[in-house]
Amino acid sequence: MPTDHAALAASAADPASQPATLAATVSALNELALALRGAGEVDAARSTWAAALRLAPHHAVLNANLGALLQDLGLREAALHHYQLARSEAPDWAEVWNNSGVVMRQMGRNAQARAAFEQALRLAPADVPARYNLGNALLDTGAKVQAAGQFRMVIEHAPDHPEAHYGLGTCLSDPAQAIREFEKALALRPDFPEALVALACARLRACDWRDIDGLRAQVETLVRERPDAPVAPFSFLQLSSDPVLQLECARNWTTHRVRRLASLPARAARTAANRLRVGYLSGDFRDHAVGHLICDLFAAHDREAVEAFAYSSGPVDGGRVGRQVRDGAEHFTDVSALDDEALAARIRADGIDILVDLGGYTEFSRSAVLSARPAPVQMSYLGYPGSMGSPFVDYVLADAYLVPCSVREHYDERILELEACYQPSPEWIAGRRNEPADRLRHGLPAEGFVFASFNNPYKIRPEMFGAWMRILRAVPASVLWLPAFNVVACENLRRHARESGIDAHRLVFAPIAAFEEHSDRLPAADLFLDTHPYSAGATAGQTLAAGVPLLTLVGECYVSRMAGSVLHALGLEELIASNLDDY
């Protein structure tokens with residue numbers, strides 16, 4: 001007959017029925033709960049620890065063990081409560097500090113998590129899990145240099161730690177070094193989806209196209225066959241142009257990776273007399289592509305009808321973009337230190353009617369906040385180029401060219417159409433006056449045709465680069481002007497040119513420049529050659545604003561139609577190709 005665990009726990013919890021001391025009774029209950037948990041009888045284990053805690057409410061081991069069980073069940077608040085009780089009784093217990101930090105990080109309490117990991121390491125400097133977790137907490141806040149230091153220390157003590165190699169790779173700006181770390185991680189743990197995706201993306205950043213089709217196929221298989229595999233949607237957009245799989249990836253991520261917050265109570269209905277309150281949530285109110293496009297939007301609101309709120313979830317800098325957002329928005333709040341629950345509560349308290357998420361699944365985004373429904377209408381715009389596959393996003397702001405009716409079945413949101421083009425037209429576009437640029441100053445020949453492509457190198461595909469080389473071959477004395485994002489990509493692109501029979505000196509690499517400086521030098525180009533299937537976004541607007549024509553090849557999905565949308569709005573359809581031969 002099966003053991004009646006409930007009766008056994010009740011009997012053990014009654015001191016009168018036990019000849020042993022209270023300490024022995026508590027110890028017996030703890031051992032029983034551990035055995036029950038090991039046997040998979042989670043409810044019985046939880047009840048047994050609860051019975052033990054009725055005898056010894058502040059017992060450190062009992063609270064720590066129940067906290068771990070609750071953590072595994074996803075009951076984070078309850079888990080953290082028991083960890084706090086355990087720390088109160090055993091403040092020098094490093095493992096409990098580490099576990100507390102893990103829960104805090106899962107809850108978006110990054111500063112508290114970091115402090116907990118640091119305390120664990122003060123108590124146990126050689127604690128590998130705590131040091132690894134501290135590296136991740138630092139990485140969450142964009143402190144990549146400090147995070148890399150922690151991951152290196154983990155590897156020094158545990159060279160076969162695949163997750164530390166992966167973590168280190170994500171911190172490194174040199175894609176060749178990152179590739180080596182991701183390859184080490186996969187050698188140590190072959191079934192490591194995050195490292196596989198990171199390796200494929202790092203190869204693209206390096207313009208190292210070895211087996212890139214094979215890597216893409218492996219990642220697409222993960223999306224199709226393993227919905228719980230952690231394939232980040234924004235990374236997937238860089239790898240696959242299949243709109244069906246892009247939506248599937250976003251849905252997988254939303255279902256398995258986005259933390260669901262408790263829904264906030266229904267808010268009171270707004271009255272017609274109140275101004276419409278629109279909140280914009282972004283980590284990119286700074287020197288960033290989204291920031292440059294959105295910076296003038298806030299000042300353009302009709303303040304008699306609309307009250308604009310800007311919630312900044314990312315780094316705040318003192319540059320032009322940040323200043324324009326702060327000056328233009330009626331309300332600007334740095335929310336980067338708030339956890340998800342506190343941020344959702346803040347948005348609700350502000351009475352936001354429409355919440356616009358400008359980040360989606362990108363760095364410093366806080367899209368989990370939308371799961372609490374802090375606003376009655378929620379939409380995605382500009383920062384994430386595709387469907388979020390989320391039940392708590394109602395609309396995507398786009399235009400009819402960017403997201404045509406033929407592909408809207410691949411969106412879970414309704415498309416709210418903007419009249420002309422999805423991109424705003426900030427002052428730097430609308431009011432720009434271009435001057436000729438000195439070619440020699442920028443390392444370009446004084447004579448001859450200058451092709452340019454200033455997209456990020458991860459957007460360059462072998463097929464498109466091959467087309468560029470054929471164009472150079474057909475136009476004598478022409479050059480291709482490219483950004484020097486990283487040394488490795490430059491070296492690889494020169495090698496690819498030589499393999500195509502083109503003198504590598506015909507590729508001219510420009511140093512990375514500030515936004516305004518880059519706009520000033522762009523007129524030195526005669527024609528911008530766009531990438532495919534991931535086209536230029538903000539770069540297209542900046543290029544055309546500088547008076548440089550842009551040639552694009554459109555596809556089906558959002559990322560392959562961004563530049564086409566801008567050209568279409570300007571009436572320049574002759575610069576939009578529908579196939580590679582026409583391009």
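Values in this document were obtained by computation on a predicted structure and should not be read as measured data.

Cut-offs and rules
- Residues numbered from 1 in each chain as written.
- Predicted model: local features only at pLDDT ≥ 70, side-chain atom pairs only at ≥ 80, totals over all residues.
- Heavy atoms only, no water.
- Phe/Tyr/Trp six-rings, centres within 6.5 Å; stacked < 30°, edge-to-face > 60°.
- Helix = DSSP H or I, 4+ residues; strand = E, 2+ residues; numbered from the N terminus.
- Buried < 20%, exposed > 50% of the residue type's maximum accessible area, 1.4 Å probe, protein only.
- 1 Å grid on protein atoms, 1.4 Å probe; cavity = no way out; pocket = protein on both sides within 12 Å on 5 of 7 lines; lining within 4 Å.
- Points joined across faces, edges and corners; volume = space filled by probe spheres on them.
- Nonpolar A, V, L, I, M, F, W, Y, C, P; charged D, E, K, R; others polar.
- Polar contact = N/O pair within 3.5 Å; in protein donor to acceptor, adjacent residues only side chain to side chain.
- Contact = heavy atoms within 4.5 Å.
- Pairing = 2+ DSSP bridges.
- Axes fitted to C-alpha atoms, helices over the stretch in contact; angles between N-to-C directions.
- Expected span 1.5 Å × (residues − 1).
- pLDDT = per-residue confidence, 0-100.
- Core = buried A, V, L, I, M, F, W, Y, C linked by side-chain atoms within 4.5 Å.

> Would you mind going over the packing of aromatic side chains with me for this structure?
By convention here, two paired aromatic rings are described through the distance between centres and the angle between planes. One pass over the structure, following the stated rule, counts 14 aromatic pairs. With 5.9 Å between their ring centres and 45° between their planes, Y166 and F182 make a pair best called tilted. On the criterion of sequence distance, the pair formed by Y166 in helix α10 (residues 162-171) and F182 in helix α11 (residues 175-188) is long-range, its members being 16 residues apart. Overall, the relative accessible area of 3% leaves F182 in the buried class. Ring plane angle 85° and centroid distance 5.7 Å describe the contact between Y458 and Y534, whose orientation is recorded as edge-to-face.

> Teacher, can you tell me more about empty space enclosed by the protein here?
To find leftover empty space, one rolls a probe the size of a water molecule over the atoms. Within the structure shown, the criterion is met by four cavities of 30 Å³ or more. A volume near 100 Å³ is recorded for the largest cavity. If you trace the largest cavity, you find it lined by L237, P243, Q246, L247, Y384, G386, S387, V407, H410, Y411, C557 and Y558. The biggest single contributor to the lining of the largest cavity is helix α15 (residues 243-256), with three residues. Its residues placed into classes, the lining of the largest cavity shows eight nonpolar, four polar and no charged.

> So what exactly am I meant to see when it comes to the side chain of N98 here?
Along the chain, N98 falls in helix α6 (residues 94-106). At a separation of 2.8 Å, a polar atom in the side chain of N98 contacts the side chain of N133. Among residues more than four places away in sequence, those in contact with N98 are F117, A120, P129, A130 and N133.

> Help me understand the environment of A420 in this model?
Along the chain, A420 falls in the loop between β7 (414-418) and α19 (427-430). For A420, the residues in contact, after removing those within four places along its chain, are D399 and A569.

> How do you make sense of the sheet that holds strand β1 (residues 276-282) when you look at a structure like this?
Sheet strands associate in pairs through backbone hydrogen bonding, adopting either a parallel or an antiparallel arrangement. Spatially, the seven strands line up as an open sheet ordered β3-β2-β1-β4-β5-β6-β7, and their pairing is parallel. With one partner strand each, in any of the chains shown, β3 (331-334) and β7 form the two edges of the open sheet. Taken pair by pair, the neighbouring strands of this sheet meet at an average axis angle of 25°, ignoring direction. Where β1 and strand β4 (residues 354-357) come together, four bridges link them in parallel fashion. In the strand pairing of β4, L281 is matched with D357.

> Would you mind showing me how to read helix α7 (residues 110-123) here?
The periodicity of an α-helix, 3.6 residues per turn, causes residues three or four places apart in sequence to face the same way. With 14 residues, α7 extends 20 Å between its outermost C-alpha atoms, agreeing within 8% with the 20 Å of an ideal straight helix rising 1.5 Å per residue. Looking only at α7, the buried set comprises A113, A116, F117, Q119, A120 and L121. Tucked into the core, α7 has its buried residues touching α6, α8 (128-140) and α9 (144-157).

> I keep staring at the confidence of the model for the chain and nothing clicks. Help me out?
Predicted coordinates in regions of low pLDDT should not be interpreted in detail. When the pLDDT values of the chain are averaged, the result is 93; 95% of them are 70 or greater. Across residues 15-19, where pLDDT falls below 50, the model places five contacts with residues more than four positions away in sequence or in other chains.

> Teacher, can you tell me more about the nonpolar core here?
One recurring pattern in soluble globular proteins is that nonpolar side chains are buried together. Core analysis: the biggest nonpolar cluster contains 169 residues, and W468 and W481 have the highest contact counts within it. The greatest single-element share of this core, amounting to nine residues, is contributed by helix α12 (residues 193-205). Apart from residues lying up to four places away in sequence, W468 is in contact with S453, I460, L480, L482, L529, D530, T531 and Y583. Ranked by size, the runner-up nonpolar core spans 15 residues in total, among them L29, L32, L62 and A79.

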